[in-house]
Structures are given as C-alpha cells and as structure tokens.
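Listed here are the chains, written in short residue letters.
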Amino acid sequence: AGVDLARDGDYTAAIEALEPVVDVEFPGRSVLPNSFIHGAHALAFSYMHTGADAKAERLLATESRECSGLRAGGRLRDSFDLHRCAQTELLLGNVEQALAGLEKAIEAGWREYYLHERDPLWASVASHPRYRALMAKVKADVDRQRAEVRRIDASERFIEKLDAAIAAKAAREE
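The structure contained in this document is the topic of the report that follows. Keep in mind it's a predicted model, so treat the numbers as computed, not measured.

**Considering a nonpolar patch on the surface**
Argument step 1. The grouping of F158, I159, L162 and I166 at the surface amounts to a nonpolar patch, some 370 Å² of accessible area in total.
Argument step 2. Position of F158 relative to the elements: it lies in helix 9 (residues 158–173).

**Brief notes about the nonpolar core**
It is characteristic of soluble globular proteins that their nonpolar side chains tend to be buried jointly.
Argument step 1. If you look at the biggest cluster of nonpolar residues, it comprises 39 residues, and the most contacted ones within it are L102, W122 and M135.
Argument step 2. For this core, the elements supplying multiple residues, two or more each, are helix 1 (2–7), helix 2 (11–18), helix 3 (39–49), helix 4 (53–72), helix 5 (79–91), helix 6 (95–107) and helix 8 (129–156).
Argument step 3. Per-element accounting of this core gives the leading share, six residues, to helix 3.
Argument step 4. Each residue touching L102, except ones within four places of it in the same chain, is listed here: H83, A86, W110, H116, W122, Y131, L134 and M135.

**Considerations on the packing of helix 4 against helix 5**
A pair of packed helices is captured by two measures, namely the crossing angle of their axes and the spacing between those axes.
Argument step 1. In contact at an axis separation of 10 Å, helix 4 and helix 5 are set at 140° when each is read in the N-to-C sense. Between helix 4 and helix 5, the interaxial angle falls into the category oblique. With respect to the hand of their crossing, helix 4 and helix 5 are arranged in left-handed fashion. Contacts between helix 4 and helix 5 pair L60, E63, S64, E66, C67, L70 and R71 from the former with D81, R84, C85, T88, E89 and L91 from the latter.

**Some words on the packing of aromatic side chains**
Argument step 1. Under the defined criterion, the tally for this structure stands at three aromatic pairs.
Argument step 2. Note on Y11 and F45: the rings are 5.8 Å apart at their centroids and 75° apart in plane angle, and the pair reads as edge-to-face. Of this pair, Y11 sits in helix 2 while F45 sits in helix 3, placing them 34 residues apart in sequence.
Argument step 3. The class of Y11 is buried, set by a relative accessible area of 18%.
Argument step 4. On the numbers, 5.8 Å between centres and 85° between planes, the contact of Y113 with Y114 is edge-to-face.
Argument step 5. Accessibility expressed as a relative area gives 11% for Y113, which makes it buried.

**Regarding helix 4**
Argument step 1. Taking 1.5 Å per residue, 20 residues should reach 28 Å; helix 4 reaches 28 Å between its end C-alpha atoms and fits that length.
Argument step 2. Among the residues of helix 4, A56, L59, L60, T62, E63, S64, C67 and L70 are the ones counted as buried.
Argument step 3. Buried positions along helix 4 lie against helix 3 and helix 5.
Argument step 4. Downstream of helix 4 by one or two residues, G74 has phi in the positive range, about 70°.

**Regarding a negative patch on the surface**
Argument step 1. Together, D4, D8, D10 and E16 line one region of the surface with negative charge.
Argument step 2. Topologically, E16 is positioned in helix 2.
Argument step 3. The exposure class of E16 is exposed, given its relative accessible area of 58%.

**Brief notes about the layout of surface pockets**
Argument step 1. Considering only enclosed or pocket space, the largest pocket measures out at about 230 Å³ in volume.
Argument step 2. Taken together, R71, L76, L82, C85, A86, E89, Q97, A100, G101 and K104 make up the lining of the largest pocket.
Argument step 3. Those elements that provide at least two residues to the lining of the largest pocket are helix 5 and helix 6.
Argument step 4. By residue class, the composition of the lining of the largest pocket is five nonpolar, two polar and three charged.

**So, the packing of helix 3 against helix 5**
Argument step 1. In contact at an axis separation of 11 Å, helix 3 and helix 5 are set at 10° when each is read in the N-to-C sense. In terms of orientation, helix 3 and helix 5 fall into the roughly parallel class. Counting all contacts with helix 3, which are made through H41, F45 and M48, the residues of helix 5 involved are R84, Q87, T88 and L91.
Argument step 2. Taken together, the residues of the contact of helix 3 with helix 5 sort by class into three nonpolar, three polar and one charged.

What counts, and where the lines are drawn
- Residues numbered from 1 in each chain as written.
- Predicted model: local features only at pLDDT ≥ 70, side-chain atom pairs only at ≥ 80, totals over all residues.
- Heavy atoms only, no water.
- Patch = residues over 30% accessible without salt bridge, like charges linked within 9 Å, V, L, I, M, F, W, Y side chains within 5 Å.
- Areas by Shrake-Rupley, 256 points an atom, 1.4 Å probe, with all protein chains shown as cover.
- Salt bridge = Lys/Arg side-chain N within 4 Å of Asp/Glu carboxyl O.
- Helix = DSSP H or I, 4+ residues; strand = E, 2+ residues; numbered from the N terminus.
- Core = buried A, V, L, I, M, F, W, Y, C linked by side-chain atoms within 4.5 Å.
- Buried < 20%, exposed > 50% of the residue type's maximum accessible area, 1.4 Å probe, protein only.
- Contact = heavy atoms within 4.5 Å.
- Axes fitted to C-alpha atoms, helices over the stretch in contact; angles between N-to-C directions.
- Parallel < 35°, antiparallel > 145°, perpendicular 65-115°, else oblique.
- Left-handed = near helix turned anticlockwise from the far one by under 90°.
- Phe/Tyr/Trp six-rings, centres within 6.5 Å; stacked < 30°, edge-to-face > 60°.
- Expected span 1.5 Å × (residues − 1).
- Lys, Arg positive; Asp, Glu negative; His and termini not counted.
- Charge placed at Lys NZ, Arg CZ, Asp CG, Glu CD.
- 1 Å grid on protein atoms, 1.4 Å probe; cavity = no way out; pocket = protein on both sides within 12 Å on 5 of 7 lines; lining within 4 Å.
- Points joined across faces, edges and corners; volume = space filled by probe spheres on them.
- Nonpolar A, V, L, I, M, F, W, Y, C, P; charged D, E, K, R; others polar.

Here it is in structure tokens:
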C-alpha cells in the first residue's frame with residue numbers, strides 16, 4: 001500500500017506505511033510483494049517530496065553502496081537488480097548513469113516499459129530522447145513477442161488443445 005500511496009502522491013501516508021517495512025540499513029531487502037517499485041525507492045521518493053532530503057539521501061546512499069557491491073562482485077546481472085540500481089541513480093539525480101543502467105537492464109531482459117509510462121519515479125526523464133528510444137525499443141520487442149505468441153497459438157491451436165485437455169481431465173475425474 002505504501003508504494004501505491006507514493007505513486008499517487010500521498011507522500012506522508014506513504015512514509016507512514018513504508019518506514020516500518022523498509023530496512024534503512026539494507027534497503028535491497030525491501031522488495032515488497034506485488035510491487036514493481038522498490039520499497040526503498042518509494043520511501044526515498046516520498047522523503048524527497050516532503051522535505052526530508054537527508055533521510056532520502058541516506059537511504060539512497062545505502063542503496064547505491066549495495067549496487068556498487070553487486071557490481072564489484074560481478075553479481076549485478078539480472079534485469080530486476082539492474083533496473084533497481086538504474087532507478088537509484090535516477091533518484092540520486094545521475095540521469096546519464098540511470099539511463100545507462102536502464103539500457104543494461106533492458107539488455108538483461110527487463111521489459112516493463114508499460115509500468116514506466118506513468119511511473120512518477122521516472123517522470124523526470126519521460127521526455128529525454130535516450131529514455132524515449134529505450135522505451136520504444138522495449139515496446140517493439142514486447143510487440144514482436146506478442147505477435148509471435150499469437151502466430152504460434154493460431155498455427156498450433158494451443159487454446160483449443162488446452163480446452164480439450166481440460167475437458168478430458170474433467171471427464172476422467174467424474
């Protein structure tokens with residue numbers, strides 16, 4: 001709920017909801033279920049919008065150190081962590097580093113462009129040409145994948161086969 005409150009601009013309520021669940025010393029552990037925004041980022045974003053800049057800076061500095069540790073240890077490879085670290089850079093105001101990190105996340109398989117379209121955490125770069133190009137690249141790939149799945153479904157009649165298998169199983173169980 002705290003992440004949604006932050007996205008909706010209710011920063012004070014977001015802080016109240018997120019402070020008890022975000023570990024300021026280990027923000028990487030603050031991945032909230034059913035949320036695409038990292039809990040620590042939502043909290044830092046809320047702090048930034050309520051004048052608690054020192055708290056935001058402390059949280060983002062810790063997050064940045066975690067990202068540096070992953071990078072130094074050769075463990076910064078999966079799209080979720082690459083995106084998380086790119087978003088950390090963005091919140092720190094390092095736009096070029098954020099976009100470079102987002103590009104690496106995309107190369108590693110990040111495809112959640114549709115979430116970014118209205119994501120307030122990325123609003124500051126929404127019109128940046130490099131960001132727009134990255135989002136267009138991801139959208140084109142998602143569209144390509146969708147077309148491929150539809151083609152395969154149509155040619156192999158997957159839905160019909162699935163429905164028949166479910167019906168056959170149900171008949172056996174009767």
